[in-house]
Every structure is written in structure tokens, then in C-alpha cells.
Amino acid sequence: MKARIVYEDRREEIVDVLLSGDGNVQVCTLPKERVGEQAAYIDFLYDYFTAKAGDPGYFITDMNVDGTLLTRFTAREDGEMSRSFSAVACYGWNRGEDGILGIVTGMRLDFGMVLTVKDGVYAAYPRFFIDGDAPEEDIRVEYHFLRDGSYSAMAREYRRYQLTVGGCVPLKERVEADPRLKRSAEGISVRIRMGWKPAPSPVENQTPETEPPMHVACTFAQAGRIAETLYASGVRSAELCLVGWNYGGHDGRFPQIFPPDPRLGGEEKLRELIRRTKALGYNIVCHDDATAAYTIADCFDEEYLLKTKDGGLYARPYCWSGGRPYKICPRRQYERFEQVNQPKLKELGFQGIHYIDVITILPVLKCYDKNHPLTRRQSGKWYRKTMKLSRELFGGFSSESGYDFAAAEMDAVLYPQFAVGKPLAPLCDELVPFWQMVYHGIILYNPCTYTLNYGAKGARNRLKYFELGGRPLVCFNANFASDNRWMGDEDMLCDTEEHLRTSIQKIQAMAEDYARLEPERYAFIESHQKLADGVYCTTYSNGTVVTVDYNRETFRIQRR
């Protein structure tokens, strides 16, 4: 077996990989000392996962935000897909009957996936990004040989690895140890977007003089009305998350969050809202960010920003509500902001699964600042410190998506994948719910953006919830961005009593759906199978089988 080292001057070197292990698990290692200076990236075992058009089976790879791709070995034009990081640290090869699951166990935060077909030959392999730096650890991949080569069997094996080696603990055990988390897990998630400036912003680097006005969509008093109306409808379990409660609204001035925006009612009204909501038996948390810094912040300082290798600042390639977001060094974010802000949020009364945006949807980066340098592994360590602090103070931690370097510290994600139903990527034959099968019963999740606010979207979106399980997600004022509707066109609104009443009816129906799958809440998903075109079957570890028929727009729950 071979690895291909590509250097920054475009030279290539083919090197042997060390093999060890037994018949069931083969460990492939490239010692860090074997990597020469100025290596740009390494294609690991690029000659191993290969198949010819016409062979039985398929690859599964995590190649884009839409989810895990299943690629059959059919005749097709040459093509290549790649991604700089993989949401799950594994990939698989179904060989007809049996299969192989590759689990990256060394340099887990430094790799992405490559999927190619050329002249009828398919290949899938991890690409490790070295960036001209000395590798911090050996490149290491474990190959688990499976008699059952289905993607369901691969998901079960990866879940077993995460539970025994990866530090994950079943959700059932965690809720028994923390009543705050149990209260959150028992109810649907209701996000209320309160205020925001234009997104994307017309002003790249905002100042107090150039800052666009903030739109007030929901005050703290109105959010209290949402909670009380929800309770009156009969929904007794829910977790509210305030989005854009902070000064400047949603993504308005991060890393500055205080004071609670006076245009929404200020701190006094926020405290009153928290007290009222908790008195109803609901948890209530807030939306924060640990990655972005805007020039408009009263604490903006290049000292804590992440630095690129040439000494520059890492700016995201877009503007958002606060303008151009600059990346914060994960260590300095924890030291300078998390240790200060999280206790302040706790003192306000927030309790539940605290939400910090985008940590688990963006690639983890190196920091080259000489005063706080970090490898990707070290960056991940500091992010996990932030997550652990949230668990300690509030009862749980949540972020946007399912990048599983953080799986052992995650309690919930907004969605592990984006939309379904849109045209598939060129080398994708179908999307499979691999992440959901691995983490159901470990991490709470709304299945995908397709099911966010599904009560307002139609029958097929609802069926996707029953097919993939999880916890329903509601978002008031979801459509705040002017040029991106990744959460769908449909919305939950609260600007009038009629809109609020209609939204609450839809939310009530989603809560009833969550109750339908209550016995499965802490179970694992053992298998997912396509029975026919438009017909899917999901089997849980407690024996429950859920069958969804998109043709007839029906579902059936069968329990032992």
C-alpha cells in the first residue's frame, strides 16, 4: 500500500505505508518522521479503495454539506470531487456482500476526502493537508473488515468505535446524570430570531457611524408571549433559544454580546423573559458565536485573531450582518471571551443546551500567531474546552452541524446535513443518512434543513423527519437573509396574533410527532434501507420499525 506526498514545489514522492493489525482490523500508518520538509498534502492509500465500473457495491464518502454520498460503480464520465474536511472521520467500501470501513485515527482534523473516476476506475481516499509544516502526529487509518458491507453496518461499526474509543456517551446515560439536559431532550427546539441587520451587510467594515440599522422582529416581551401561547396550546416540553438577543442583533457585533439589546427591551426585560419561560417548565438558552469577530465590536482587537502563515488575518469570503467576519483564534476566544461571557450568561438565568454557532460546520484551522500558535488538533482541543464549559454551566452544548471532532462534547446540532431533494452531485447516486445512524441516541438533531420548520412545509418534509428521526426544530423568522434561503422559504412568524396562532398550531403538531417517537428517543438506529422507489425503512435498537412511503405520503410505526 502506498501514500503519495505532494510537495509545495509540486514534486511528488511515492512511499510505502506500514501495516499492522489482525484479520479484522488492519492499521495503516505513515510515521510523521517519514514526511519530508515542505510537504503540501499527502494522498493516503490512494491505490487501495479502487473499483472498476461494473463491479458490485459502492463507496460512501462525506463530500459536501448535503450529507454522505453513495457512489455506485457504474459507467460514467470521468470526474473528481474533493472536500477540505469530512464531517465524519471515516469512509466505506461496499464490495457486494462484505465491506471495509476506513476510520481516520491519526491527524483526524487535517484531512479531507477525494472521490474520483477516471477511465472507468473509481477511487476514494483521504487527503491530509500538511501545509509545509512538520506533522504533529503520525497519519493513521484503521481499516475494519465487515462481513456485512451495507452502509448501515458501517454506521454501526463507526458508532461502536465512537462509544468505545472516541469518548462518546449515550444520551440516555447523560440525561440520567443531568436533569437540565433531560428537560431539553424531552422537548422540541424553538429558536426565536429577534433582531438583525441586513445580511449580507452593505458595509464591509462597520463603525458606529456606518452601522446599518437593526430590524426588530421580536422583543423580549413578544418572546414571552410565544412561550405562554405555546404552553396554552398544550405543549409542556420545549427548549427556547434566543437568536439575535445580543447587542446589534444576530451576528451584529461578535465577539461583543453585551448588553442585551435595549431595542428588544434590555437586560431587565430579558431577565423577566427567562424567569417567565422557566416558570412554564421550559429550558431557555441563547445563541452565541465563538469564531467571528467584526470591526464594529467594542472589543475588536487583532491580538486575538487567528493569523495565516504569511502573518495576515483570516477573513471569511463573505459579509454577514456585522460586516466582514474575521476568524478568532480558538485559544484566545476561550481565554478572553468564553471564560468571561459564559458565567455572565449563566447569571442571567439561561439553562439548557447552550448554542454557539458554526464551530461544527466550518473547517478547523491552524493559527500562526507567534504568541498563540495552534495546530488543527490544538484548535480542536480549545473548541472542546469551550463546549465542556457550556455543559458544566448550562447543562449542554450545541452548534450548527455535525463535524464529529467534537462528538464527545456535543449534545445537539441544528442539522447534520443541508437540503435533500435537490439535484445530486455528479458522482453521487443517492444520499444516505450515515451521520444520523451513527449518532441517534448520542446527539440530538433535526435531520436536515429540509425538516427545519417542517410543520409549515408540507407532508413530504414531515415524512423525512419520520424517516431520519431526531428532534424537531422550529425557527421563528428563519428567512432573515436577503440572498440565501438555506432553511427554506416557509417560516414561523410572530409579528401578529394571527401569525403567532397559526405558527403555534404548526409547532404543536411537530411536538406531537416528537411524542410519537418518544420510545425511540434514546435508542440507536440499527439500519436504514430502501425497500422500493420512494419507500424507506428505519429500524431502531429497541425493535421499532418506521416505514415511510413518499409515493402515498404515509408512514407506519411498528413496535414489538
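Residues numbered from 1 in each chain as written. Predicted model: local features only at pLDDT ≥ 70, side-chain atom pairs only at ≥ 80, totals over all residues. Heavy atoms only, no water.

(A) Representation of the pairing of strand E12 (residues 111-118). With seven of its eight residues buried, E12 lies for the most part within the structure. Pairing of strand E9 (residues 79-83) with E12, which is carried by five bridges, proceeds in the antiparallel orientation. Bridge pairing in E12 places Arg-83 opposite Met-113. In this sheet, strand E13 (residues 121-129) lies alongside E12 in antiparallel orientation, the contact comprising eight bridges. (Buried < 20%, exposed > 50% of the residue type's maximum accessible area, 1.4 Å probe, protein only. Helix = DSSP H or I, 4+ residues; strand = E, 2+ residues; numbered from the N terminus. Pairing = 2+ DSSP bridges.)

(B) Representation of the pairing of E13 within the structure. Here E13 lies mainly inside the structure; seven of its nine residues are buried. Sheet topology note: the strand E5 (residues 39-44)/E13 ladder contains three bridges and is antiparallel. Among the inter-strand pairings, Ile-42 is bridged to a residue of E13, identified as Phe-128. Judged from the three bridges that link them, strand E6 (residues 50-52) and E13 form a sheet pairing that is antiparallel. Counterpart to Lys-52 in the pairing with E13 is Val-121. Connecting E12 to the antiparallel partner E13 that follows it, the hairpin turn spans two residues, and Asp-119 within it adopts a positive phi of roughly 55°.

(C) How the structure looks around helix H10 (residues 497-516). Under the 1.5 Å per step criterion, the end-to-end length of H10 is 29 Å for 20 residues, consistent within 8% with the ideal 28 Å. Those residues of H10 not exposed but buried are Leu-500, Ser-503, Ile-504, Ile-507, Met-510, Ala-511, Asp-513 and Tyr-514. Buried residues along H10 sit against helix H3 (179-185), strand E15 (188-193), helix H4 (220-232), strand E26 (444-445), helix H9 (459-468) and strand E27 (473-476). (Expected span 1.5 Å × (residues − 1). Contact = heavy atoms within 4.5 Å.)

(D) Up close: the packing of H9 against H10. Across the interface, H9 lies against H10 with an axial gap of 11 Å and an inter-helix angle of 25°. As far as their axial angle goes, H10 and H9 are roughly parallel. Taken as a pair, H9 and H10 cross one another with a handedness that is right-handed. For the pair H9 and H10, contact is made by Arg-462, Tyr-465 and Phe-466 and by Asp-513, Tyr-514 and Arg-516, respectively. For the contact of H9 with H10, a count of residues per class yields three nonpolar, no polar and three charged. (Axes fitted to C-alpha atoms, helices over the stretch in contact; angles between N-to-C directions. Parallel < 35°, antiparallel > 145°, perpendicular 65-115°, else oblique. Left-handed = near helix turned anticlockwise from the far one by under 90°. Nonpolar A, V, L, I, M, F, W, Y, C, P; charged D, E, K, R; others polar.)

(E) Region of interest: the side chain of Ser-201. Its location among the elements puts Ser-201 in the loop between strand E16 (195-196) and strand E17 (215-216). Within the structure, Ser-201 has its side chain in polar contact with the side chain of Gln-206 (distance 2.9 Å). Among residues more than four places away in sequence, those in contact with Ser-201 are Gln-206, Pro-212, Cys-319, Trp-320, Ser-321 and Gly-323. (Polar contact = N/O pair within 3.5 Å; in protein donor to acceptor, adjacent residues only side chain to side chain.)

(F) Expanded view of helix H6 (residues 330-348). Within H6, the axis deviates most sharply at Phe-337, by approximately 45°. Every buried residue of H6 is accounted for by Pro-330, Arg-332, Gln-333, Tyr-334, Phe-337, Glu-338, Asn-341, Gln-342, Leu-345 and Leu-348. On its buried side, H6 packs onto helix H5 (266-279), strand E19 (283-289), strand E22 (352-357) and helix H7 (376-394). The positive-phi residue at the C-terminal boundary of H6 is Gly-349, with phi of around 115°. (Bend = angle between axes of the 7 residues up to and from the residue.)

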